[in-house]
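Tertiary structure, described
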Amino acid sequence: MAKYPIKQSLRNIADIISKQVGQIDADLKVKSSAYNSLKGNLQNLEKKQTGSLLTRNLADIVKREHFILDSEYLTTLLVIVPKALVHDWNGHYEKLTDMIVPRSTQCITQDQDFALYTVTLFKKVVDEFKLHAREKKFVVREFTYNEEQLAAGKNEITKLVTDKKKQFGPLVRWLKVNFSECFCAWIHVKALRVFVESVLRYGLPVNFQAILIHPHKKSTKRLRDVLNQLYGHLDGSAASAASNTADTVDIPGLGFGQSEYYPYVYYKLNIDMVESKM
């Protein structure tokens, strides 16, 4: 009575329901968008941890000793070499350009398709090396060894996992509460439809009774027969429609065909929210 006061007009009650459900829908979009964004970011980071050497994050593979650091002239590059070209790499990497440190390559790891190698060379020939490496189908990964940034990347994954867990529980609780609110609103809309349809059919003053029935599937046909016997006199057109099912046509605006038109006002409640295909 407090939420849907019956002294209000039908239009006002319908507006109250619409406003309530509209607000829940808007809140759901905000909450689900925030959660899905967090989930998507976490999945992207996790994918980088487990994908191919061409795309995955290398931070958890490489170590400080793999690099020449704090040198004014030298730098270390990470190169992805297809397994079929490993022999070619070992035999020709020193000749891709000038100023490559001899015997500086080292295989760090490999997966099913690629091997990860280091190579040390002078900074001034990095661009030329990348060009010639690409021609030989060797891929130079853009990577700078920075311990602070690597630690920050690992902390980001931990933070996202924690944030996801923090959001999941409250989101599920919010969904349970507001599913209940939406279901109640839906039932009240059905009640409004029953009232309006009853007035349209049987006129004023209001003289009808709304009843909720949950029959077993096996007894549905028998229930229909009993209801038709009791209330068939209220609307003769419904009986004639039932006897002439071959000529049934949809009644525009009502949302159901004559095959679902009965002498009493009837609306179906589909409460199987999980299995049914809406």
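Residues numbered from 1 in each chain as written. Predicted model: local features only at pLDDT ≥ 70, side-chain atom pairs only at ≥ 80, totals over all residues. Heavy atoms only, no water.

The chain is annotated in an unreviewed UniProt entry as V-type proton ATPase subunit C from Phlebotomus papatasi. Quoted straight from UniProt, the Sequence similarities (unreviewed entry) entry for the chain says "Belongs to the V-ATPase C subunit family." (UniProt positions renumbered as here; feature names shortened; annotations may be inferred.)

**Some points on a nonpolar patch on the surface**
Residues Leu 10, Phe 195, Val 196, Leu 200, Leu 204 and Val 206 make up a contiguous nonpolar surface patch of about 550 Å² in total accessible area. Here Leu 204 shows up in the loop between α4 (147-202) and α5 (220-231). On the basis of relative accessibility, which here comes to 67%, the residue Leu 204 falls in the exposed class. (Patch = residues over 30% accessible without salt bridge, like charges linked within 9 Å, V, L, I, M, F, W, Y side chains within 5 Å. Areas by Shrake-Rupley, 256 points an atom, 1.4 Å probe, with all protein chains shown as cover. Salt bridge = Lys/Arg side-chain N within 4 Å of Asp/Glu carboxyl O. Helix = DSSP H or I, 4+ residues; strand = E, 2+ residues; numbered from the N terminus. Buried < 20%, exposed > 50% of the residue type's maximum accessible area, 1.4 Å probe, protein only.)

**Considerations on the packing of aromatic side chains**
Counted according to the given criterion, the structure contains 12 aromatic pairs. Seen in terms of ring centroids, Tyr 262 and Tyr 266 are 5.4 Å apart; in terms of plane orientation they differ by 90 degrees. Their pairing is edge-to-face. For Tyr 266, a relative accessible area of 26% gives the class partly exposed. One cation-aromatic arrangement involves Arg 224 over Tyr 262; the distance from NZ or CZ to the ring centre is 4.0 Å. (Phe/Tyr/Trp six-rings, centres within 6.5 Å; stacked < 30°, edge-to-face > 60°. Lys NZ or Arg CZ within 6 Å of the ring centre and 35° of its normal.)

**A word on the pairing of strand β1 (residues 74-82)**
Of all 9 residues making up β1, 8 are buried, and the element is well covered by its neighbours. As paired elements, β1 and strand β3 (residues 114-122) share 9 bridges and run antiparallel to each other. Directly across from Thr 75, in β3, lies its bridge partner Leu 121. The pairing of β1 with strand β4 (residues 139-141) spans 3 bridges and is classified as antiparallel. Bridge assignment links Ile 80 to a residue of β4, and that residue is Val 139. (Pairing = 2+ DSSP bridges.)

**What about unusual backbone geometry?**
For the bond from Leu 204 to Pro 205, the omega torsion is 0 degrees, close enough to zero to count as cis. Of note in this structure, Asp 70 is not a glycine but carries a positive phi near 60 degrees. Of note, Asp 70 is situated in the loop between α1 (10-50) and β1. Using a relative accessible area of 78% as the deciding quantity, one classes Asp 70 as exposed.

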